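# Topology and contacts: notes
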Amino acid sequence: MSPLENAHNLKGREYWRSLDQVADTPEFREFLHREFPQGASELGDSITRRNFLTLMGASLALAGLAGCRKPVEKIVPYVVPPEELVPGIPQHYATSFSLGTNVYGALVESHDGRPTKIDGNEKHPATPEGKSNSLLQAAILNMYDPDRSTNVLEDGGNRRWAEFVVWWQDQFNKFRNNGGEGLAVLSEAFASPTLSRLRQQFLTDFPNARWIAYEPVSDENRDTGLRTATGRDVRPLYHLDRAKRIVALDCDVLLTESESVAATYGYAAGRRMMSPSDDMNRLYAVEGTYSLTGTKAEHRLRVSTRHIPAFTIALARTLQERGIALPVESLPSVTQSFDAEWLDAVADDLIEHRGDSVVLAGRHQPQAVHALVYAINRALDNVGKTVELHEYVDTLTSNRSALKTLVADMQSGSIETLVMIGGNPVFNTPATLDFAKALERVRDSVHLSTHVDETSNASTWHLPRTHTLEAWGDVRATDGTRGIIQPLISPMFNGHSDVELAGILTTGRDQRGYDLVRDTWKEILPAFNFEKDWKTVLHDGVHTDSAGTPVESPDIDRAQVAGAFNGLSLNGQPSSGTPDVRFISSPAVYDGRYANNGWMQELPDSVTKIAWDNPALIAPATARELGVGNGDMVELSIGGRSLELPVWIQPGLAHNEVTVMLGYGRTSTGRVGDGVGFNTYQLQSADSPDLLRGVQIRRTGSTYTLANTQDHGSMEGRPIVREATLDEFRAHPTFAREMVEHPPLKSLWQEHSYEDGNQWGMSIDLNTCTGCNACTVACQSENNIPIVGKEQVVEGREMHWIRIDRYYSGPEDDPEVVHQPVTCQHCENAPCEQVCPVAATLHSEDGLNTMVYNRCIGTRYCSNNCPYKVRRFNFFNYTKDTPPVEQLAMNPDVTIRFRGVMEKCTYCTQRISRARITAKNEEREIR
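In this report, the structure presented in the accompanying data block is examined. Keep in mind it's a predicted model, so treat the numbers as computed, not measured.

What counts, and where the lines are drawn
Residues numbered from 1 in each chain as written. Predicted model: local features only at pLDDT ≥ 70, side-chain atom pairs only at ≥ 80, totals over all residues. Heavy atoms only, no water. Disulfide = S-S within 2.5 Å. Buried < 20%, exposed > 50% of the residue type's maximum accessible area, 1.4 Å probe, protein only. Helix = DSSP H or I, 4+ residues; strand = E, 2+ residues; numbered from the N terminus. Salt bridge = Lys/Arg side-chain N within 4 Å of Asp/Glu carboxyl O. Contact = heavy atoms within 4.5 Å.

Let's shift gears to the state of the cysteines. One covalent bond between the sulfur atoms of two cysteine residues makes up a disulfide. The tally for this structure, following the rule as stated, stands at 0 disulfides. Between C824, a free cysteine, and C905, which holds the nearest cysteine sulfur, the sulfur-to-sulfur gap is 6.0 Å. Its relative accessible area of 4% is what places C824 among the buried residues.

Attention shifts here to unusual backbone geometry. In this structure, E129 takes a positive phi of about 55 degrees despite not being glycine. Assignment of secondary structure puts E129 in the loop between β3 (114-120) and α4 (134-143). With a phi close to 60 degrees, N656 is a non-glycine residue in the positive phi region. By the element assignment, N656 lies in the loop between β25 (641-649) and β26 (657-661).

Moving on, we come to the pattern of salt bridges. Side chains carrying opposite charge are able to pair once their charged atoms draw close together. Counted under the stated rule, the structure contains 49 salt bridges. When the shortest N-O distance is used, the salt bridge between E188 and R465 registers 3.1 Å. Of this pair, E188 sits in the loop between β6 (183-187) and β7 (190-191) while R465 sits in the loop between β18 (461-464) and β19 (473-476), placing them 277 residues apart in sequence. Assessed through its relative accessible area of 15%, E188 is described here as buried. A residue is classified by how much of its surface remains accessible, and R465, at 15% relative accessible area, is buried. Where R512 meets D515, a salt bridge forms, and the shortest distance between an N and an O atom there is 3.0 Å. The class of R512 is partly exposed, set by a relative accessible area of 40%. Looking at D515, the relative accessible area reads 28%, which means it is partly exposed. If you follow the salt bridges from partner to partner, you end up with K174, E416, R443 and D444 in one network.

Now for helix α7 (residues 220-230). Spacing of three or four residues puts side chains on the same side of an α-helix, whose turn is 3.6 residues. For α7, a buried count of 9 out of 11 residues is recorded, marking the element as mostly surrounded by other parts of the structure. Residues of α7 that are buried: E220, N221, R222, D223, G225, L226, T228, A229 and T230. Next to the buried residues of α7 lie β9 (234-238), α12 (367-379), β14 (387-391), α13 (400-412) and α20 (558-563). Residue G231 follows α7 closely and has a positive phi angle near 75 degrees.

Below, the structure is given as structure tokens:
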């Protein structure tokens with residue numbers, strides 16, 4: 001039997017999961033042919049490194065009484081329940097979330113006053129039709145994290161909030177006298193009318209003070225590039241649903257860039273085909289790291305990250321040669337050569353689709369690339385169609401230059417008091433700044449954060465911060481749409497919000513966030529109808545029709561765009577001994593703020609399929625030159641800074657380039673995230689935070705175990721992946737069905753007639769699925785699926801009910817990728833149903849392949865008979881000692897399973913039941 005998956009499309013394409021499979025290593029064959037993973041049949045020692053039986057352990061007293069509430073400020077426990085509350089029937093509230101200036105609308109499900117599930121708000125432009133991503137889905141777990149801070153601390157000693165207020169009032173009076181000399185505020189970036197109003201008032205009252213923002217993951221390069229090109233502070237909004245041709249230059253627009261949810265929605269809209277005659281969009285990707293966007297590209301060009309600026313110039317010149325009047329003066333010469341045929345094809349396709357194409361540049365590319373990309377889009381008549389520009393309103397963006405100046409002033413001793421609203425600069429600022437050392441020179445420092453983290457430990461005052469679901473606030477979307485942040489539960493850990501701290505800093509008075517936000521909105525909503533409009537905003541979560549008007553296509557400063565490339569090294573090649581190192585945000589832990597979130601830590605990366613770590617990703621050719629394999633430890637060093645981390649060989653990466661993810665290696669975040677992965681900020685430079693050149697690399701001789709899930713659940717040669725080109729699909733619309741090699745099967749069950757009632761089914765449009773993993777986290781949230789930890793994942797015991805397999809095809813140095821989501825299939829001819837000795841798995845009248853958990857005795861015959869290997873056996877009782885705080889996050893509609901039970905996807909049976917009950921109460925058929 002070939003070591004490659006025996007799965008072929010019309011062209012006979014072969015698919016492979018991993019380099020171990022291609023090499024047909026003994027380890028892969030052993031894993032492939034073993035019925036259960038090594039040690040899976042034995043009840044070995046329970047989880048060693050992470051004690052997940054107490055994952056979010058805290059006493060119920062910490063949580064307090066969760067109050068069911070109307071959308072007003074006062075939140076009270078109900079001894080006598082509110083009349084609108086029906087026990088067991090969830091309520092939904094609209095609110096908003098933000099990561100820096102990136103805003104999401106949210107619709108939160110609440111059971112008896114407990115928020116349990118987050119989805120997108122269909123009324124919000126950033127979450128069209130209620131779409132979301134894994135970060136938004138997992139945010140609910142952050143709120144129930146027992147490692148969150150519970151006390152105000154001064155120099156490590158417990159204090160009360162009122163004591164901090166008194167202390168600040170003394171500082172407030174002192175700084176009022178000198179105009180704020182020696183006072184500075186460092187916050188996270190924000191897009192908020194209330195925070196913007198308070199900041200402006202703060203700077204007016206303290207003219208000698210400063211208030212800046214810093215985010216380790218930001219769009220600063222993009223914003224600076226657009227300012228260079230247009231002379232205005234604008235940000236783009238891409239309408240991929242209008243784009244027939246998309247060119248992504250080192251831009252992971254479908255996962256890690258801003259507005260990724262709306263972008264994915266638009267991309268999918270352009271891929272959805274209702275008939276063979278429909279057309280669909282085409283995606284080109286140029287990148288050095290294999291991104292999720294790159295996996296979906298019809299045409300991907302592997303180019304070193306350092307050469308993306310040169311490629312952008314080459315693309316611009318190719319367009320000029322074809323008669324496109326590019327509004328740019330002479331561009332610098334480029335010696336780097338690119339695939340001329342590929343360039344010509346892209347240019348011709350863009351020109352053919354003028355006005356309905358778009359060129360995108362990633363946030364890690366320098367400002368010159370963003371300036372030139374805007375010029376290209378303008379020359380192609382895309383601006384105002386597939387690209388809109390919107391002015392920044394009520395927004396404070398990240399500013400690395402201002403941060404460097406602030407740190408220099410801290411080191412000189414000219415900053416007496418530093419207030420940090422959120423963020424974690426001791427951990428997530430570039431190592432060359434040495435923020436921790438500079439903070440030691442500041443007399444008084446205040447840090448508002450959800451955890452006593454690395455920065456809090458180094459600060460004079462630590463203040464507990466509320467979770468978004470516990471706070472009042474507001475936001476501004478990219479298009480200017482205003483949104484509201486309203487709490488669903490009273491603060492569980494005695495926290496205070498960004499708005500409340502900003503109010504104290506500005507006025508010296510302790511005010512409720514609710515009052516501060518209402519004061520802002522009294523200036524926004526008409527006075528004569530304020531209460532009615534305010535309630536409408538709270539109900540909808542957004543202020544309808546508050547979006548700004550897109551900026552008319554601004555003229556381009558031709559000389560500035562060309563001049564932006566001055567000083568930018570466009571040529572040269574990295575070597576195996578001194579590769580380039582690029583830093584990217586983690587889809588799992590973002591910049592580190594999700595490090596204590598077990599759902600995200602255990603979520604396999606969409607491309608590498610690695611969980612619980614951030615290894616150094618290198619290309620197969622680079623690994624061969626260095627003589628390293630998966631798990632070998634290497635040392636990266638430059639400028640006196642060094643970092644050891646393990647290698648993972650990733651097909652499709654640029655040669656002599658190392659990709660590392662930010663956000664891991666935390667030391668003070670909690671029991672889940674502490675000590676997980678490696679702190680790559682220690683290698684980062686403030687002068688070049690996105691790409692380091694000339695890094696020394698050497699093998700240390702030691703090894704490290706990585707948890708990779710892609711070889712789990714092999715298809716044993718079954719043709720699970722079935723794909724064809726658009727032309728092949730039009731010629732053979734039933735190609736996928738024709739690939740089935742077995743004869744027609746006769747159903748074991750009576751054929752269902754839809755005249756007798758509905759039958760449930762769920763389909764996944766594989767043409768639009770991007771493999772983003774949002775469904776995996778949503779399923780984990782809704783179905784109370786436990787976290788098992790790295791050691792158990794290594795043993796093949798991960799519990800996800802939905803997995804997304806990633807398959808390669810083609811050469812290992814530059815393969816194509818296809819994603820295959822695998823749920824429990826609910827087969828009409830389910831082979832598991834005949835072998836269960838206690839009828840724990842059976843067919844329901846809804847057409848579901850259901851699981852009766854209290855019947856299951858753990859024989860695992862069903863898993864043995866499952867062709868898709870989608871069932872998960874619960875080897876340990878992860879829920880035995882589930883503490884009260886974790887129980888608050890549980891969905892009460894779903895059973896909590898115990899040890900020795902086979903878990904499986906149920907296609908959300910509780911939602912089917914809810915729809916049936918609702919239809920019955922309304923005396924109608926199920927819609």
